[in-house]
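# Reading the structure
Here is how the chains run, residue by residue.
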Amino acid sequence: MVLILKKIYLFGNWKMNHGLSRTDNFFKEFNNRLVSNQLAGNALKQHLLELAFFPPYVSVLNALGEIASEYKDSIFVGAQNAHQEDQGAYTGEISIEMLKELGCKYVIIGHSERRHIFGETNPVISAKIEKCIEKDIIPVLCYGETLKEKEDGLTIKVIEEQLKSAVDNISTSDLNDKKIIFAYEPVWAIGTGLSATPLDAENICRTTRDILKDTKGSSMSRDQIILYGGSVKEGNAKDLINQENIDGALIGGASLKVDSFFGIINSCLGQD
Ligand code: PEP
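Here is a short report on the structure shown in this document. Per-chain numbering applies: the sequence of each chain, read as written, is numbered from 1 onward. Thresholds applied to this predicted model are a pLDDT of at least 70 for local features of residues and 80 or more for the giving and counting of side-chain atom pairs; totals over whole chains, interfaces and linings are not thresholded and use all residues. To obtain the side-chain values, all non-hydrogen atoms of the structure were used and water was disregarded.

### Some thoughts on the site of the ligand
Stated formally: The nearness test applies per residue and asks whether one of its heavy atoms lies within 4 Å of the molecule or strand. Polar contact criterion, stated in full: a pair of N or O atoms within 3.5 Å, where within protein one must be able to donate a hydrogen and the other to accept it, and residues adjacent in sequence count only if both atoms are side-chain atoms. Areas reported here follow the Shrake-Rupley algorithm with a probe of radius 1.4 Å; residue values treat only the protein chains shown as occluding. Each residue is assigned to one class: nonpolar for Ala, Val, Leu, Ile, Met, Phe, Trp, Tyr, Cys and Pro, charged for Asp, Glu, Lys and Arg, and polar for all the others, Gly among them.
Taken together, 14 residues sit near the ligand, with Lys15, Glu185, Gly191, Ser231 and Gly252 positioned nearest. In the environment of the ligand, an oxygen atom lies 2.7 Å from a nitrogen or oxygen atom belonging to the side chain of lysine 15. Histidine 111 is positioned with one of its side-chain polar atoms (N or O) 2.9 Å from an oxygen atom of the ligand. Protein chains shield 95% of the accessible area of the ligand, which is 290 Å² for the free molecule. When the residues that make up the shell around the ligand are grouped by side-chain class, the tally is four nonpolar, eight polar and two charged.

So, in structure tokens, the structure goes:
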């Protein structure tokens, strides 16, 4: 008998992988696997486990259509980015309202690849977070330091700036109502195979709660959902998730294959 002590969130960021047919294949295999995995099925039904997939925009509808009806309140689909304006002359962009209309529950905002490859700044990310709250879609706010910032001892300063800017115009009650999910993702750990140690990740996630409490007066209790992301895989997921202030994981590479994603699910549920 396995005792699950807290709700676990496992979110898969597919980045620019899995178009329509690969998304269909993924969910065919995923759904088959779920049928035979009683522990995961029960954890989902009891709301002790929540899964979310973030496919490319073009695959969002297919992904939504493939979720078995019995799990529709514990497996969700989100997008990897959105624009902060409602509509207009923004070629190539998708609005938060459009994602909401599709049925997305979540949208990743401020992923390090958006910040560092596409030049998204803290003020832009802050505007996106505000629009998400207005449109009632939950942003998964990514924040974290680069390797250089870590080496220069700037981790806390950087994450404090990112967090304060992101929640600046958000009310304390919206924060306490879990209208934002936080994902600490050290940039040096993303896609590198180098994960933060569970203790280091725990320290930053606890500090995140401190920063939110000091700046917004938000509750220090379990009110904020905080994920860790950065090279999470079957071999390290459980130790990370078992930390007091880490509620789950945002997973890139290891969420692309059903096998490796289930490896993480099973180890987090104590079924290695
Ligand atoms: C990510 O893209 O958010 C991520 C954490 O990637 P990976 O798990 O591959 O490091």
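### Remarks on the sheet that holds strand β1 (residues 8-13)
Rules: Note: two strands are recorded as paired if DSSP finds a minimum of 2 bridges between them. Each helix is a run of DSSP H or I of at least 4 residues and each strand a run of E of at least 2, with the numbering of both proceeding from the N terminus. Between the N-to-C directions of two axes lies an angle of 0 to 180 degrees, each axis being a line fitted to C-alpha atoms and, for a helix, fitted only over the stretch in contact. Contacts: residue pairs with any heavy atoms within 4.5 Å of one another.
The sheet built from eight strands closes into a barrel, its strands ordered β1-β2-β3-β4-β5-β6-β7-β8 with parallel pairing. The sheet shows a mean angle of 25° between the axes of neighbouring strands, direction not considered. Here strand β4 (residues 106-109) pairs with strand β5 (residues 138-143) via four bridges, running parallel. Its bridge partner being in β5, valine 107 is matched across the sheet by proline 139. Here helix α1 (residues 20-36) sits on the sheet in contact with β2 (49-54) and β3 (75-79), set at roughly 170° to β2. Relative to the sheet, helix α2 (residues 38-45) contacts β2 and β3, its axis offset from that of β2 by approximately 95°.

### Description of the packing of helix α11 (residues 234-241) against helix α12 (residues 258-268)
Let me state the cut-off plainly: Two helices that cross are described as forming a left-handed crossing if the nearer one is turned anticlockwise from the farther one by less than a right angle, and a right-handed crossing if clockwise.
Contact pair α11 / α12: the axes reach a minimum separation of 8 Å and the direction vectors enclose 35°. Crossing angle aside, the handedness with which α11 passes α12 is right-handed. Contacts between α11 and α12 involve Glu234, Ala237, Lys238 and Ile241 from the first element and Gly263, Ile264, Ser267 and Cys268 from the second.

### Some thoughts on the side chain of serine 74
Relative to the assigned elements, serine 74 resides in the loop between α3 (60-66) and β3. One polar contact links the side chain of serine 74 to the main-chain carbonyl oxygen of leucine 44, over a distance of 3.2 Å. Each residue touching serine 74, except ones within four places of it in the same chain, is listed here: Leu44, His47, Leu49, Glu50 and Leu51.

### Looking at the pairing of strand β8 (residues 248-251)
Going by this rule: Buried means the residue's accessible area, taken with a 1.4 Å probe over protein chains only, is under 20% of the maximum for its type, while exposed means over 50%, and partly exposed covers the values in between.
Of the two faces of β8, the one carrying Gly248 and Leu250 and the one carrying Ala249 and Ile251 are both buried. Looking at chain direction, β1 and β8 are connected through four bridges and run parallel. Counted as the bridge partner of glycine 12 is isoleucine 251 from β8. Direction of pairing for strand β7 (residues 225-229) relative to β8: parallel, over a ladder of three bridges. Bridge pairing in β8 places leucine 227 opposite glycine 248.

Any link to function would need more than the numbers given here.
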